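Take a look at the letters that make up each chain.
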Amino acid sequence: MSLRVRLVLWLGCILAVTLALGCGLAGWRAGTSVRAEMQAAVSAGQQTIANTIAETAGTPDELRRLIATFNGNRHIRAVLRDGQGAVVADSALQPPARPVPGWFLRLVGPHLPPGVMPVPGGSITLTAEPSNEVGEVWDQAADAMRTLALFFALSVLLIHWTVGRALAPLARLSASFERIGAGDYAARIDPAGPPELARLAEGFNRMAEQLGQAESQNRTLREQMLTLQEEERAELARDLHDEVGPFLFAAAIDAATIPGMLAAGQATEAEERADSIRDAVAHMQTQIRSILGRLRPLSFGSIGLAEAIGNIIVFWRSRHPGITFVSDIEDDDSLDEAARATVCRVVQESVCNALRHGTPGRIDIRVTRDADGLLVRVDDDGAGPGADGVTPGFGLVGMRERVQAQCGTLAIAARDGGRGLAVTARLPREAAA
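Residues numbered from 1 in each chain as written. Predicted model: local features only at pLDDT ≥ 70, side-chain atom pairs only at ≥ 80, totals over all residues. Heavy atoms only, no water.

Observations concerning the overall build of the protein
Counted only if it meets this: A run of H or I in DSSP counts as a helix once it spans at least four residues, and a run of E counts as a strand once it spans at least two, with each numbered from the N terminus. Radius of gyration: C-alpha atoms only; globule rule: 2.2 Å multiplied by the number of residues to the exponent 0.38. The buried label applies to any residue whose accessible area, calculated with a 1.4 Å probe on protein chains only, is under 20% of its type's maximum; exposed applies above 50%, and partly exposed to all values in between. What makes two residues a contact is simply this: any of their non-hydrogen atoms within 4.5 Å. Under the convention used here, a 1.4 Å probe and the Shrake-Rupley method define accessible areas, while residue burial counts only the protein chains that appear. For the purpose of charge, His is not counted, nor are the chain termini; Lys and Arg are scored as positive and Asp and Glu as negative. A single reference atom marks each charge: NZ on Lys, CZ on Arg, CG on Asp, CD on Glu.
Within the protein, the regular secondary structure consists of ten helices and nine strands. In terms of C-alpha radius of gyration, the protein reaches 54 Å, well past the compact-globule figure of 22 Å for 433 residues. Seen along its three principal axes, the alpha-carbon backbone of the protein occupies a region of about 180 × 55 × 40 Å. Counting every position in the protein, which comprises 433 residues, the buried fraction comes to 34%. For the protein, the share of sequence-separated contacts (at least 6 apart) that also reach a separation of at least 24 residues comes to 66%. A total of about 25100 Å² of accessible surface is found on the protein, and carbon and sulfur atoms cover 58% of it. Here the protein contributes 42 positively and 51 negatively charged side chains, and the mean placements of these two sets differ by 7 Å.

Quick look at the sheet that holds strand β2 (residues 87-90)
Where we set the bar: Two strands form a pair only when DSSP identifies at least two bridges running between them. Each axis is a line fitted through C-alpha atoms, and for a helix only the stretch in contact is used; angles between axes span 0 to 180 degrees, taken between their N-to-C directions.
Read across the open sheet, the four strands follow the order β2-β1-β4-β3; overall the sheet is antiparallel. Pairing within the sheet leaves two strands with one partner each, and these edge strands are β2 and β3 (115-119). The mean angle between the axes of side-by-side strands here comes to 20°, regardless of whether they run parallel or antiparallel. With seven bridges joining them, strand β1 (residues 76-82) and strand β4 (residues 122-128) adopt antiparallel strand pairing. Looking at β4, one finds that L80 is bridged to I124. The sheet contacts of helix α2 (residues 60-68) involve β1, β2, β3 and β4, and relative to β1 the element is tilted by about 160°.

Focus on the nonpolar core
We apply this condition: In these notes, a set of buried Ala, Val, Leu, Ile, Met, Phe, Trp, Tyr and Cys residues joined through side-chain atoms within 4.5 Å is what counts as a nonpolar core.
Grouped together as the largest cluster of nonpolar side chains are 34 residues, with contacts concentrated most on I309, V351, I363 and I365. For this core, the secondary structure elements donating two or more residues are α7 (305-319), β5 (324-329), α8 (337-358), β6 (362-370), β7 (373-380), α9 (396-405), β8 (409-414) and β9 (421-428). Broken down by element, the residue count for this core peaks at nine residues, all from α8. Contact partners of I363, with chain neighbours within four places excluded, come to I323, T324, F325, V326, V351, A354, L355, V378, D379 and D380.

Remarks on unusual backbone geometry
Glycine aside, residues mostly have negative phi angles, and peptide bonds mostly take the trans form. The phi angle at C407 is positive, at roughly 60°, despite the residue not being glycine. For C407, the position within the fold is in the loop between α9 and β8.

Observations regarding helix α5 (residues 195-263)
Note the threshold: A helix is expected to reach a length of 1.5 Å times the quantity of its residues less one.
Taking 1.5 Å per residue as the helical rise, α5 with its 69 residues ought to reach 102 Å, and the 99 Å between its terminal C-alpha atoms agrees with that figure. Remark: G265 follows α5 within two positions and exhibits a positive phi of approximately 80°.

Regarding the packing of aromatic side chains
Filter applied, for reference: To pair, rings of Phe, Tyr and Trp, with the six-membered ring standing in for Trp, must have centres within 6.5 Å; the planes then decide the type, stacked if under 30 degrees apart, edge-to-face if over 60, and tilted in the middle.
Summed over all chains, the structure comprises two aromatic pairs. Arranged with centres 5.0 Å apart and planes meeting at 80°, the rings of F315 and W316 form a pair that is edge-to-face.

Quick word on the layout of surface pockets
Left-over empty space is what a probe sized like a water molecule reveals as it rolls over the atoms. Stated precisely, the cut-off is as follows: We place a 1 Å grid over just the protein atoms. Points where a 1.4 Å probe fits but has no way out form a cavity, open points with protein on both sides within 12 Å along at least 5 of 7 lines form a pocket, and any residue with an atom within 4 Å of a point lines it. Grid points are joined across faces, edges and corners, and a volume is the space filled by probe spheres set on the points.
In this structure, the second largest pocket occupies an estimated 350 Å³ of space. In terms of lining residues, the second largest pocket is bounded by 18 residues, among which C23, A26, G27, F104 and A141 are the most central. Secondary structure elements with two or more residues in the lining of the second largest pocket: α1 (3-55), α3 (102-108) and α4 (131-181). Sorting elements by how many residues they give to the lining of the second largest pocket places α1 first, with eight residues.

Comments concerning α7
Applied cut-off: Directions from the helix axis toward the C-beta atoms define the arc.
With 15 residues, α7 ought to run about 21 Å at 1.5 Å a step, and its terminal C-alpha atoms sit 22 Å apart, in line with that. Those residues of α7 lying buried are L305, A308, I309, I312, I313, F315 and W316. Seen end-on, α7 carries its buried residues on one side only, within an arc spanning 155°. Pointing more than 90 degrees away from the buried face of α7 are the exposed residues V314 and S318.

Have a look at this one:
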């Protein structure tokens with residue numbers, strides 16, 4: 001059952017109970033009014049009979065004429081009886097203008113005892129007949145019930161329309177949520193309607209905008225990851241081809257000539273070829289260790305943060321001996337694996353970007369603690385971001401995602417002095433603990 005139908009039913013029930021209570025109160029007041037009217041009519045009839053008997057001799061003819069005066073009365077019926085109780089004369093009650101339902105007559109009509117007055121030679125009985133008075137009340141009640149029924153119907157229709165208009169933004173909100181669930185982050189809602197629903201629509205629009213931005217960042221990150229993977233694969237293939245391939249070929253040639261040299265008695269030359277093979281294998285081992293270090297530079301094992309960053313510096317220093325690396329690493333055994341990996345990733349990406357895009361002469365790496373948490377800063381004196389600011393090629397998205405995963409913040413800006421780049425990452429105390 002929809003919320004609209006539930007609200008209409010609840011409000012309709014409240015109206016129905018209120019109307020029922022009002023009808024009950026009106027019926028009680030109508031019964032009280034009819035009773036008072038009947039009692040007054042009986043009292044007035046008794047007073048009329050008493051005054052007539054006091055002014056006349058009370059002969060049988062005068063008593064019959066007295067009973068005839070009650071013909072057409074709307075409220076009471078008079079009956080003249082002789083001494084033995086036989087009816088001598090009775091009056092005719094005015095018939096009701098329209099029939100009254102029996103249940104309403106029993107509900108509202110009072111049950112008054114008949115009034116008996118002794119007269120010469122017999123008695124006069126006055127009986128209250130409330131049908132005419134109840135008929136008037138029934139006409140009024142029927143008009144009131146029709147009016148209330150119309151009021152009830154109009155009220156329910158007005159409530160149904162008002163609730164429908166008030167809840168219309170919820171239907172639009174539900175449809176927009178379905179669009180969001182389907183991946184359409186361009187869904188927006190017009191903040192119209194009541195203030196509460198307008199605020200809800202504004203909150204939905206902000207959420208949709210943030211989800212769209214997050215999806216765009218994720219898409220950019222995925223594209224950048226694919227690009228970096230392709231670049232890394234190309235670089236690895238080039239290193240294997242240039243550094244490992246020739247030595248493998250030379251070792252194979254040397255290994256193939258050794259048996260012939262030994263057969264020809266050239267032991268000294270065979271030993272030299274064996275030494276060449278050992279040198280080639282040592283060179284290849286060095287190159288393979290270097291490649292493995294690039295593929296998995298953050299396998300800490302039993303080493304600390306300072307040693308892991310030191311390995312990164314050694315790796316890049318061996319390839320760029322003309323660059324000065326300065327490090328100030330405050331190591332802390334309380335750092336978990338995820339926090340240390342994040343710090344090393346920031347350092348690795350910052351140094352790689354500085355070497356790839358900035359051609360620096362000096363790179364400063366600092367990892368310190370303060371009251372707010374862990375501070376990671378990498379400065380270089382290279383070309384910097386230029387007049388156009390930081391471009392996506394600096395690995396901004398990837399580093400920011402890693403730092404945000406640790407509830408931290410990342411800032412990339414030009415270094416003080418106008419040359420070079422400064423990358424600053426801050427991890428909160430909870431993440432760095």
